[in-house]
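# Summary of the model geometry
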Amino acid sequence: EAGVTQFPSHSVIEKGQTVTLRCDPISGHDNLYWYRRVMGKEIKFLLHFVKESKQDESGMPNNRFLAERTGGTYSTLKVQPAELEDSGVYFCASSQAGVRDTQYFGPGTRLTVL
Amino acid sequence: EDQVTQSPEALRLQEGESSSLNCSYTVSGLRGLFWYRQDPGKGPEFLFTLYSAGEEKEKERLKATLTKKESFLHITAPKPEDSATYLCAAVGSNYQLIWGAGTKLIIKP
């Protein structure tokens, strides 16, 4: 069974540009999560989808971040316009049941904003 | 505010030298305590979930325990391949995973 996949693995962009990260969860997992790890800090929750609906987006830093999950399958996280402080590793995870269930993580996308 | 603190930040052991990693949590209404392992350049890999104080789980050389204030990850007779960063995370009443900063474990042959 394929695990959680993320694309791209690395992205380097200039401040002010737009970047879109993609996550494909494990097939059949209704719950999808986005997290971010900024250099030297712990992983932080960004948001949680149940199927195509946003269950909790309280961790999103500001309105430059937009997450979507079309048809309850893959998800995208768009940053527009990117700022220097957005640099970090963005992880996606999925689980079959809710937050108390095991979350399986993708390899992450390393975003560098210059 | 919900918080998870891991100690030590880094731990170097000789192969075969057993030890424990600590995860202290202040989380209202704990709904689960998770341990993950992370290798460089990869995402966190699930190890254990603990739901209530007194619970223990084992897998190969690893054993996780939970009290009302902390969790321990005991590693018995570690091997070099156990070298990784070990992450602890807790789910509280806000239904979000709150993460510790991790313990970087290095096992020397």
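Preceding this section is the structure that the text describes.
These figures come from a predicted structure and were not determined experimentally.

### Observations regarding the overall build of chain B
- Secondary structure assignment for chain B yields zero helices and eleven strands.
- Tracing chain B from N to C terminus, the helices and strands come up as β-β-β-β-β-β-β-β-β-β-β.
- Radius of gyration (C-alpha) of chain B: 13 Å, near the 13 Å computed for a compact globule of 109 residues.
- Reported as C-alpha extents along the three principal axes, the dimensions of chain B are approximately 45 × 30 × 20 Å.
- Counting contacts in chain B only where the partners sit at least 6 residues apart, residues at least 24 apart contribute 54% of the total.
- Looking at chain B as shown, the accessible area adds up to about 5300 Å², and 48% of this sits on carbon and sulfur atoms.
- The centroid of the 13 positive side-chain charges in chain B is displaced by 1 Å from the centroid of its 14 negative side-chain charges.

### Quick look at the sheet that holds strand E8 (residues 75–79) of chain A
Residue and element names in this part refer to chain A.
- Taken in spatial order, the four strands make up an open sheet running E1-E3-E8-E7, and their pairing is antiparallel. Edge strands, defined here as strands with exactly one partner in the open sheet, are strand E1 (5–7) and strand E7 (65–68). Direction aside, neighbouring strands of the sheet carry axes that sit 15 degrees apart on average.
- Bridge count for E7 against E8 is four bridges, and the pairing is antiparallel. Paired with phenylalanine 65 across the bridge in E8 is valine 79.

### Things to note about the interface of chain A and chain B
- With 16 residues of chain A at the interface, the matching set in chain B holds 20 residues.
- Run the count over chain A and chain B and you get zero salt bridges.
- Taken together, chain A and chain B are joined by seven residue pairs in polar contact (both at pLDDT 80 or more).
- For the side of chain A that touches chain B, the elements supplying multiple residues, two or more each, are strand E4 (31–37) and strand E5 (43–50) of chain A.
- Split into classes, the residues belonging to the side of chain A that touches chain B amount to seven nonpolar, four polar and five charged.

### Focus on the layout of surface pockets
- In this structure, the largest pocket encloses a volume near 760 Å³.
- Lining of the largest pocket is provided by 31 residues; of these, A:Arg37, A:Val89, A:Arg110, B:Gln38 and B:Gly41 occupy positions nearest its centre.
- Put simply, the parts of the chain that give the lining of the largest pocket at least two residues each are strand E9 (88–95) and strand E11 (109–113) of chain A together with strand E9 (84–91) and strand E11 (103–108) of chain B.
- At four residues, E11(A) tops the list of elements feeding residues into the lining of the largest pocket.
- Residue composition of the lining of the largest pocket, by class: eleven nonpolar, twelve polar and eight charged.
- Together, 15 residues line the second largest pocket, and A:Glu42, A:Lys44, B:Asp2, B:Ile98 and B:Trp99 are the ones closest to its centre.
- Residue assignment for the lining of the second largest pocket shows that the elements contributing at least two residues are E5 of chain A together with strand E1 (3–7) and strand E10 (97–99) of chain B.

### A few points about the nonpolar core
- The biggest cluster of nonpolar side chains holds 24 residues, and the ones touching the most others in it are B:Val4, B:Leu33, B:Trp35, B:Leu73 and B:Tyr86.
- When near neighbours in sequence (up to four residues on either side) are disregarded, B:Tyr86 contacts B:Gln6, B:Leu21, B:Trp35, B:Tyr36, B:Arg37, B:Leu47, B:Leu62, B:Leu73, B:Gly102, B:Thr103 and B:Leu105.

### Here's the deal with the pairing of E8(A)
- The buried count for E8(A) comes to four of five residues, which makes it a mostly enclosed element.
- Connecting the antiparallel pair E7(A) and E8(A) is a turn made up of six residues, with A:Gly71 showing a positive phi of about 65 degrees.

About the thresholds
Residues numbered from 1 in each chain as written. Chains lettered and ligands numbered in written order. Predicted model: local features only at pLDDT ≥ 70, side-chain atom pairs only at ≥ 80, totals over all residues. Heavy atoms only, no water. Helix = DSSP H or I, 4+ residues; strand = E, 2+ residues; numbered from the N terminus. Rg over C-alpha atoms; globule rule 2.2 N^0.38 Å. Contact = heavy atoms within 4.5 Å. Areas by Shrake-Rupley, 256 points an atom, 1.4 Å probe, with all protein chains shown as cover. Lys, Arg positive; Asp, Glu negative; His and termini not counted. Charge placed at Lys NZ, Arg CZ, Asp CG, Glu CD. Pairing = 2+ DSSP bridges. Axes fitted to C-alpha atoms, helices over the stretch in contact; angles between N-to-C directions. Salt bridge = Lys/Arg side-chain N within 4 Å of Asp/Glu carboxyl O. Polar contact = N/O pair within 3.5 Å; in protein donor to acceptor, adjacent residues only side chain to side chain. Nonpolar A, V, L, I, M, F, W, Y, C, P; charged D, E, K, R; others polar. 1 Å grid on protein atoms, 1.4 Å probe; cavity = no way out; pocket = protein on both sides within 12 Å on 5 of 7 lines; lining within 4 Å. Points joined across faces, edges and corners; volume = space filled by probe spheres on them. Core = buried A, V, L, I, M, F, W, Y, C linked by side-chain atoms within 4.5 Å. Buried < 20%, exposed > 50% of the residue type's maximum accessible area, 1.4 Å probe, protein only.

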